[in-house]
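Summary of structural features
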Amino acid sequence: MIKKLLSVIFIVVGIAAAVAAVGLGLSNKNADPVLLSPPEEAKLQVIGMMDAVCAGDFTGASTFMKGQPDLGVNRDATDAVGVLIWNAFCDSITYELVGECYGTEEGLAQDMTVTYLDITSVTAVLKERSKALLEQRVDEAENLDDVYDENLQYREDFVMGVLYDAAKAALEEDAITVTKTVTVKMMYQNEKWWIIGDKDLLDAISGGVLY
């Protein structure tokens, strides 16, 4: 009799537990998945991508992204001013992961903060600085042949030298950094976690120059 009673009790408890589990599942059916043990590989993907970005290696950073997109960053240009500002941007980037990976409907996500040079804080003042410096250099010039060509136009090397020095001054005196919180989204494909290069992420790792 006692064995039969205990058997009935266990059956009732089992049914109750099952009902509770179903009820809990239904009440949380719209919640994001919860990871009991976040995959370390996914976190390492984010770290690998960001370490490449901080090194200015956007080709390397692309290898961690879904589809390995061509990020279109080519810094072998002859525009010394553009290269100067871009290198300053790359040197300014730092990042910090926030918390652990967590589940989403698409796969996984990892929050992080990214700090970088606000490129517009430099470019916004470049015209004014260049104009003032140009006038100063013309006034100080001992040989006008260093300033004007045979058509009495400003020499290109003279103008570019002024622009470069104005950019250096802007980087030293006007540049500010910004910190942005970004959610890095990842999906699992071909036995590997891949980072989704959405607009928020690309803006954060490029200062808004990648699209």
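Described in the following lines is the structure provided in the data block. (Residues numbered from 1 in each chain as written. Predicted model: local features only at pLDDT ≥ 70, side-chain atom pairs only at ≥ 80, totals over all residues. Heavy atoms only, no water.)

**Here's the deal with the environment of Asp198**
Tracing the sequence through the fold places Asp198 in the loop between β4 (192-195) and α7 (199-206). Each C-alpha atom, one on Asp198 and one on Met65, is 10.0 Å from the other, the two residues being 133 residues apart in sequence. (Helix = DSSP H or I, 4+ residues; strand = E, 2+ residues; numbered from the N terminus.)

**Observations concerning unusual backbone geometry**
Glycine aside, residues mostly have negative phi angles, and peptide bonds mostly take the trans form. Phi is positive for Asn190, which is not a glycine, with a value near 55°. The topology assignment puts Asn190 in the loop between β3 (177-189) and β4. Here the phi dihedral of Glu191 falls at roughly 65°; this positive angle occurs in a residue that is not glycine. Within the secondary structure layout, Glu191 lies in the loop between β3 and β4.

**What about the nonpolar core?**
Of all hydrophobic cores here, the largest spans 45 residues; its most connected members are Met65, Phe89, Val114, Met186, Ile195, Leu201 and Ile205. Residues contacting Phe89, with those up to four places away along its chain left out, are Tyr116, Leu117, Ile119, Ala204, Ile205, Ser206 and Gly207. (Core = buried A, V, L, I, M, F, W, Y, C linked by side-chain atoms within 4.5 Å. Buried < 20%, exposed > 50% of the residue type's maximum accessible area, 1.4 Å probe, protein only. Contact = heavy atoms within 4.5 Å.)

**Topic: helix α4 (residues 80-92)**
Structurally, the α-helix is built with 3.6 residues per turn, so residues lying three or four positions apart point the same way. Taking 1.5 Å as the rise per residue, α4 with 13 residues should run 18 Å; its terminal C-alpha atoms sit 18 Å apart, in good agreement. Within the sequence span of α4, burial applies to Val81, Leu84, Ile85, Trp86, Phe89, Cys90 and Ser92. (Expected span 1.5 Å × (residues − 1).)

**Here's the deal with the sheet that holds strand β1 (residues 94-103)**
Within the open sheet, the four strands sit side by side as β1-β2-β3-β4. Their pairing is antiparallel. Pairing within the sheet leaves two strands with one partner each, and these edge strands are β1 and β4. Direction aside, neighbouring strands of the sheet carry axes that sit 25° apart on average. Relative to strand β2 (residues 108-117), β1 runs antiparallel, the two sharing seven bridges. Among the inter-strand pairings, Tyr95 is bridged to a residue of β2, identified as Val114. Across the sheet, helix α2 (residues 40-54) touches β1, β2, β3 and β4, and the angle it forms with β1 is around 160°. (Pairing = 2+ DSSP bridges. Axes fitted to C-alpha atoms, helices over the stretch in contact; angles between N-to-C directions.)

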